[in-house]
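# Notes for the structure review
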Amino acid sequence: MRALIMEAERTGYAVDQIRQTMTVGELIAFLSDFDEDMPIYTSQDNGYTYGGIGYDNFREEENEEEDE
């Protein structure tokens, strides 16, 4: 079975500490190169632990910097 593994690394403790991240559009474009039935897993701790991605793993929040 082929699978796409997303290496999830902690680069900050709040979103305002993250210097760069993909946009939704960039992520969609990137994923369009893969078979749409390929499962995606996250990898944490240098491959020591793994997880799946579900609808409940996403939430939208306001970015306070944009409001200023």
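Refer to the structure printed above.
The shown structure was predicted, so the numbers you read here are calculated from the model rather than taken from an experiment.

Time to look at the environment of Asn57. Secondary-structure assignment places Asn57 in the loop between β3 (49-52) and α2 (64-67). Side-chain polar atoms of Asn57 contact the backbone nitrogen of Gly54, separated by 2.5 Å.

As judged from the four bridges shared by strand β2 (residues 40-44) and β3, these two strands associate in the antiparallel manner. What sits directly across from Tyr41, in β3, is Gly52. The loop that links β2 with its antiparallel partner β3 comprises four residues; one of these, Asp45, has a positive phi angle of about 55°.

The strand order across the open sheet built from three strands is β1-β2-β3, with neighbouring strands paired in mixed fashion. Either end of the sheet is taken by a strand with one partner, and the two such strands are β1 (4-7) and β3. Across the sheet, the mean angle from the axis of one strand to that of its neighbour is 35°, orientation sign disregarded. Here four bridges tie β1 to β2, and the two strands are oriented parallel to one another. Bridge pairing links Ile5 to Tyr41 in β2.

So, on to unusual backbone geometry. With phi around 55°, Asp45 is a residue other than glycine that occupies positive phi space. Relative to the helices and strands, Asp45 is located in the loop between β2 and β3. The exposure class assigned to Asp45 is exposed, which follows from its relative accessible area of 53%. One non-glycine residue, Asn46, lies in the positive phi region at around 55°. With respect to the helices and strands, Asn46 occurs in the loop between β2 and β3. Look at Asn46 and you get exposed, because its relative accessible area is 80%.

Under the counting rule described, the total for this entry stands at one salt bridge. Taking the shortest distance from any N to any O, the salt bridge between Glu61 and Arg59 comes out at 2.3 Å. Glu61 gets classed as partly exposed once you look at its relative accessible area, which sits at 44%. According to the relative accessible area criterion, Arg59 is exposed, its value standing at 71%.

The rules we used
- Residues numbered from 1 in each chain as written.
- Predicted model: local features only at pLDDT ≥ 70, side-chain atom pairs only at ≥ 80, totals over all residues.
- Heavy atoms only, no water.
- Helix = DSSP H or I, 4+ residues; strand = E, 2+ residues; numbered from the N terminus.
- Polar contact = N/O pair within 3.5 Å; in protein donor to acceptor, adjacent residues only side chain to side chain.
- Pairing = 2+ DSSP bridges.
- Axes fitted to C-alpha atoms, helices over the stretch in contact; angles between N-to-C directions.
- Buried < 20%, exposed > 50% of the residue type's maximum accessible area, 1.4 Å probe, protein only.
- Salt bridge = Lys/Arg side-chain N within 4 Å of Asp/Glu carboxyl O.

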